Amino acid sequence: MASLANEEAEVFGDGDVDVRDLARRVARLEAIQEIERLKYRYWRACDSKDPDAFRECFVREGADIDYGSGLGGFDDREQLVELYSKLALRRDGNRWLYNDIHHGMHPDIELIDANTAVGSWTFWFMRVNLADGVVEQASLEYRDRYLVEDGKWKIQSSHVTPLTGVNFPIPEGANVAPGPAVPK
């Protein structure tokens, strides 16, 4: 059985380690992880109906958002937050009319420099739409651009390309879960 020192020597060659190179590589991995966490926070904010957390995922100015023919395009995060709030926070008494599930997967993040990155994601979406009595399902591809603003990664640009979609009626008598707690 090889010793740990022998295993390290095999990995690092003659034992000379370029610490600066390792630091750059670790910083790159940390940046990619921060961007992934940003996107997950964005989707979690959508599902939990949290407009403030949703807003904080985007740059303050200069946004370039295109969610296609269903939701449209935006050049300002406040326009997007306004539409999000109108849809996500719509309710009938003590129940939400739209309950969403956002699932992003297969991230492919590329750092352009220390403050800029691009990424693509495969996305699966489901909405229980009580306003219209349907369940909506869709899959999309996201193409994003990320910038560092005030020391944190933010979404600067996000464009979606629809892949698949289907809507079907909620069956009569279906037990529909209420979704997130409704504020009092």
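Source: prediction; values computed, not measured.

Q: Please clarify how the layout of surface pockets should be interpreted in this entry.
A: Where empty space is left becomes clear once a probe the size of a water molecule has been rolled over the atoms. In this model, the largest pocket occupies a volume close to 730 Å³. Tyr67, Leu71, Phe125, Arg127 and Leu140 are, among the 29 residues lining the largest pocket, the residues nearest its centre. If you list the elements that add at least two residues to the lining of the largest pocket, you get helix H2 (19-48), helix H4 (68-71), helix H5 (77-88), strand E5 (98-113), strand E6 (116-129), strand E7 (134-149) and strand E8 (152-169). For the lining of the largest pocket, the element with the most residues is E8, which contributes 6 residues. Counted by class, the lining of the largest pocket contains 18 nonpolar, 8 polar and 3 charged residues.

Q: Any chance you could explain the pairing of E7 here in plain terms?
A: The side chains of a regular strand alternate between the sheet's two faces. With 14 bridges joining them, E6 and E7 adopt antiparallel strand pairing. When the bridges of E7 are listed, Met126 appears paired with Gln137. Connecting E6 to the antiparallel partner E7 that follows it, the hairpin turn spans 4 residues, and Gly133 within it adopts a positive phi of roughly 70°. Strand direction decides the pairing type here: E7 and E8, joined by 16 bridges, are antiparallel. Looking across to E8, one finds that Asp144 is bridged to Ser158. Taken together, E7 and the strand that follows it, E8, pair antiparallel across an intervening segment of 2 residues, in which Asp150 is found at a positive phi of about 55°.

Q: Is there a simple way to think about the nonpolar core in this case?
A: For soluble globular proteins, nonpolar side chains are generally found buried alongside one another. Counting 31 residues, the largest nonpolar core has Tyr42, Phe54, Phe58, Tyr67, Tyr142 and Tyr146 as the members making the most contacts within it. Every element with two or more residues in this core is listed here: H2, H5, E6, E7 and E8. Setting aside residues up to four positions removed in sequence, Phe58 forms contacts with Tyr42, Ile65, Tyr67, Arg77, Leu80, Glu149, Lys154 and Ile155.

Q: Looking at this model, I keep getting lost on H2. Mind explaining?
A: Since there are 3.6 residues in each turn of an α-helix, residues three or four apart along the chain are aligned in direction. Taking 1.5 Å of rise per residue, the 30 residues of H2 would be expected to cover 44 Å, and the 42 Å separating its terminal C-alpha atoms lies within 8% of that figure. If you check which residues of H2 are buried, you get Ala31, Ile32, Ile35, Leu38, Lys39, Tyr42, Trp43, Ala45 and Cys46. On its buried side, H2 packs onto helix H3 (51-55), H5, E5, E6, E7 and E8. Put simply, Asp18 is the residue that caps the front of H2, since its side-chain oxygen is 3.1 Å from the backbone nitrogen of Arg20. Downstream of H2 by a residue or two, Lys49 has a phi angle that is positive, lying close to 60°.

Criteria and cut-off values
Throughout this description, residue numbers start from 1 for each chain and increase along the sequence as written. At least 70 in pLDDT is required for a residue's local features to be given in this predicted model, at least 80 for side-chain atom pairs to be given and counted, and no such filter applies to totals for whole chains, interfaces and linings, which use all residues. Calculation of side-chain values draws on the structure's entire complement of heavy atoms; hydrogens and water are dropped beforehand. Cavities and pockets are defined on a 1 Å grid built over the protein atoms alone: a cavity is a set of grid points where a 1.4 Å probe fits but cannot escape, while a pocket is an open set with protein on both sides within 12 Å along at least five of seven lines, and lining residues are those with an atom within 4 Å of any such point. Grid points are joined across faces, edges and corners, and a volume is the space filled by probe spheres set on the points. A run of DSSP states H or I qualifies as a helix once it reaches four residues; a run of E qualifies as a strand once it reaches two. Both are numbered from the N-terminal end. Only Asp, Glu, Lys and Arg are considered charged in this grouping, and only Ala, Val, Leu, Ile, Met, Phe, Trp, Tyr, Cys and Pro are considered nonpolar; every other residue, Gly among them, is considered polar. A strand pair is defined by DSSP finding two or more bridges across the two strands. The term nonpolar core refers to a set of buried residues drawn from Ala, Val, Leu, Ile, Met, Phe, Trp, Tyr and Cys, joined through side-chain atoms within 4.5 Å. Remark: exposure states derive from per-residue accessible area (1.4 Å probe, protein chains only) relative to the maximum for the residue type, with buried under 20%, exposed over 50%, and partly exposed in between. The criterion used for residue contact is that any of the two residues' heavy atoms lie within 4.5 Å. Expected helix span is taken as 1.5 Å per residue step, with the number of steps being one fewer than the number of residues. N or O atoms closer than or at 3.5 Å make up a polar contact, with two conditions inside protein: a donor-capable atom paired with an acceptor-capable one, and, for residues adjacent in sequence, both atoms drawn from side chains.

In short, the description is geometric, and any link to function would need to be established separately.
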